[in-house]
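Observations on the model geometry
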Amino acid sequence: MPILKACCILLLYILTFTSNYAQKSYRVKNIHIEGNEILTDESLFKQMNTLPAKKLDKLLFWKRRQLFTLSVFDDDIERLKSYYLRNGFASSKISYAIDSVKRKVNLHIKIVESDFIKINQLNYVISGDSIAQFIVDSIKPSLPIKENRRFKDDDIFKTKELLEKSFEKYGYPFANIDYKIQLNKEHTLSDVAYHIDSEKKYYFGNISILGDTLTPRKFIHKYIAFSSNQTYNQPNIDKTQQRLFDTELFHYVIIKSIKDSIQDNKIPVEIWLKELPHWQFEGGVGFGTEDRLRLSAQLTRLSFFGGTRRLIFKAKTSHFVPLHLELKFIQPDLWLENLDMIVKPFFLREREPSFMIDRFGGSLNFIYEFNKRLSINLGYAVERDQIQELNELQLNEDELNHEKSIISIGSDYNTTNSKFYPTKGYKLSGSLSYAGLGFGEDIHYYQTVLSWYKYHELSKAISLAFRLKSGIMQATENSSQTPIEERFFAGGASSLRGWSRHSISPVNADGFATGGNTILETSAEVRFPIYDIFGGVVFTDIGNVWLETFEYDFYNLRYNAGVGIRVKSPIGPIRLDMASPVIKDSFNFQFFISIGQTF
C-alpha cells in the first residue's frame, strides 16, 4: 500500500506539472548544462528543439521567447542520450530539473559523461584486383577514423563514404564496402573492420550529346573532361558539367551515366543540353536617394562569331551618371582555361559636386581565375577627358582637357558563404594603377587601393560585418598634381553614411571640393532579423579624405552612427539607412535608399 500510494502521488504530480505548463504557457528563459567536458554546449543544443534565447537575441525585446512544452523537452533528453551513445559514451547518464519564475522556466541539465569507447583495432579486409590495396593506402591518412581515438558513429559513416568516392574516382563505381563493429565486454574498446570488394574496373563508354542545341559538337567536346575508354571517374563528370554551364550558353546541363546499359565494362554517358537564346535583352528601372531615377538597358549576343564569345551593349542613365554607353567583347579561355580577355570601348559622363566630366576611350583586360575564390586582373586603358567646371575650381587648360593611358593590376580573394547575404568568411581586394605609359603621356600618377571585408556570425541569425578601405595616389615625373577626376571623395550610401555623396573632400580657397590623394574608411555593422523578409542593422562609419599622399591623420577623422532596414529580394537587399555625424560634427541626419549591401 505505501508503494501504491507513492506511485499515485507521483502520477498526480506529473499530471499537475504537465497541466500547469500547458495551461499557463510557460516560456523558456535559460538552459544550463553541467558535467559535459568533452561534448560542447553548442553541439548538444544542436540536438535539441528546446533552446535558450541567445544573448544578442535578448536585445530584440519584441520577439517572444520559445514556448516550453514538457513532452518536447523529454524528447530532447532522449535525443541527448542517443547523441552521447553515437559519440562513444555507452554509460553516460543525463538528468534534469526545472524551476519557474513569473511564467518562465529555467532548465538544468546534468550530465555524467563516464568513460568513452576507444577504437582498439582498425582493419581493412580487401578483395579484388591489386589496385584496391593502393586505393585504400592512398586515402587512409585522410580518413577520420583512427585507432586509439574515441568511437564516433559519424566517423564510421564518413569513412565508408570517402572509401566509396575514392574507389569511384579510380574506376570502381560499384565497389561494395561494409563494416563490422565488435565491442568488448566492458564496453570500453571497439574493433572496427571494413570489408571492401572492389569488383570490376569500369571505363567511360560512348558519349552522346543530346538535347536542344545548335552549338557545334566539336566545340562542346572541348569542355568534356573525359573520353571514351578512359577510366570511369565521377569527379571528371562533375567538372564537365561545371565547365559547360560556365560557358553561359546553356539553360541547363545534365550528365547521365547509363549504368543499366554497360557492355564490356564500359558505361555510356549522355550529356543533355538546352541552349539559351543567342539574343538577350534586359532592361531596368530603379530609384535611389543618390542616383534618383535610374534607367538601364543591355543587349547581349551569345556565341558572337561562334564559341563562347559574347558581345554586350550597355546603356545607363542616372543623376550622377547622366550617360554611360559601353560595348564589351568577351573572349573566354583565350589561351588558357579560365583566362578571359575583355575589350571595352566606352563613353561616360559623370556629375560630381564641383565638376562634370566626359570620358571617351577603351580598355583591354585579361582576367585569370585561379579558382572560385582567387582571380587576378591585368588591364590597359586609354581615354580622353573633358572637364566642365561647375564651381570656381580654377583648373588650367591641361587639367580641363587631357589624355590618359593607364596600366593596372588587381586581385580579388573571396571566401564568403553568400553573394548577397554573407555571414561568414572574408573578402580581400587590391589594385595598383600607373598612368603615363604609352599614349597620353602628359598625365603621370600612380594609385593603389586596398579593401578588406570580414563577416562573422554572432548567433544563428545575427552577424557582424566589418570593412576597411585605404587608398593613396601621387603625381609622378613632370606632373605637378593628380587629375581631379581620379582623386578620392568620401560620403554617401556606400561610404560614410552621415554625409551626402562625395561631400567629404579637401576644398580650395573658395570652399569647393577638389578631392584628395589619401583616403581611409572603416565601417562595422551588426545585422539582425526583424520579421520575415525584413532585417535591421546598427552601424558606424569612420574615415576621412586628405589632400596629400600618405597624410593619414588619425586625430582628424569623421565619425557617424546610424540604423537601417533591409528587405530581402532576389537581386539583393533593398536598403534604407539613416545616419548622422557624431563626436566632432553636429547632428545632421542623412537618408539613403539603395539596393545591395553597403559591403
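Description of the structure in this document. All of these numbers come straight from a predicted model, not from anything done at the bench.

Scanning the model with the defined rule gives 23 aromatic pairs in all. Where F89 meets F116, the ring centres are 6.1 Å apart and the plane angle is 80°; that geometry is what we call edge-to-face. In this pair, F89 sits in the loop between α3 (70–86) and β2 (93–101) while F116 sits in the loop between β3 (104–112) and β4 (118–127), placing the two residues 27 residues apart along the sequence. Among the residues examined, F89 registers a relative accessible area of 1% and is labelled buried. Using a relative accessible area of 30% as the deciding quantity, one classes F116 as partly exposed. Between F134 and Y170, the ring centres sit 5.9 Å apart and the planes meet at 90°, which makes this aromatic pair edge-to-face. In this pair, F134 is assigned in helix α4 (residues 131–139) and Y170 in the loop between α5 (153–169) and β5 (176–183), connecting sequence segments 36 residues apart. For F134, a relative accessible area of 48% puts it in the partly exposed group. Since its relative accessible area comes to 26%, Y170 is described here as partly exposed.

What follows is about the pattern of salt bridges. Following the criterion strictly, the structure yields 30 salt bridges and no others. Here E337 ties to R243 by a salt bridge, and the two come within 2.9 Å at their closest N and O atoms. With E337 in the loop between β13 (323–331) and β14 (339–351) and R243 in helix α7 (residues 234–246), the pair connects residues that are 94 residues apart, well separated along the chain. Residue class for E337 comes out partly exposed when judged on its relative accessible area of 38%.

For the rest of this paragraph, the subject is the sheet that holds strand β6 (residues 189–197). Sheets are built from strands paired through backbone hydrogen bonds, the pairs being either parallel or antiparallel. The three strands lie next to each other as β4-β6-β5, forming an open sheet whose pairing is mixed. Two strands bound the open sheet, and with one partner strand each, they are β4 and β5. If you compare each strand with its neighbour and ignore which way they point, the axes differ by 15° on average. Looking at chain direction, β4 and β6 are connected through nine bridges and run parallel. In the sheet register, N123 faces β6, and the bridge partner there is A193. Of the strands in this sheet, β4, β5 and β6 touch α5, which is tilted by about 20° from β6.

What counts as what
- Residues numbered from 1 in each chain as written.
- Predicted model: local features only at pLDDT ≥ 70, side-chain atom pairs only at ≥ 80, totals over all residues.
- Heavy atoms only, no water.
- Phe/Tyr/Trp six-rings, centres within 6.5 Å; stacked < 30°, edge-to-face > 60°.
- Helix = DSSP H or I, 4+ residues; strand = E, 2+ residues; numbered from the N terminus.
- Buried < 20%, exposed > 50% of the residue type's maximum accessible area, 1.4 Å probe, protein only.
- Salt bridge = Lys/Arg side-chain N within 4 Å of Asp/Glu carboxyl O.
- Pairing = 2+ DSSP bridges.
- Axes fitted to C-alpha atoms, helices over the stretch in contact; angles between N-to-C directions.
- Contact = heavy atoms within 4.5 Å.

Without other data, these values stay purely geometric and don't point to any function.
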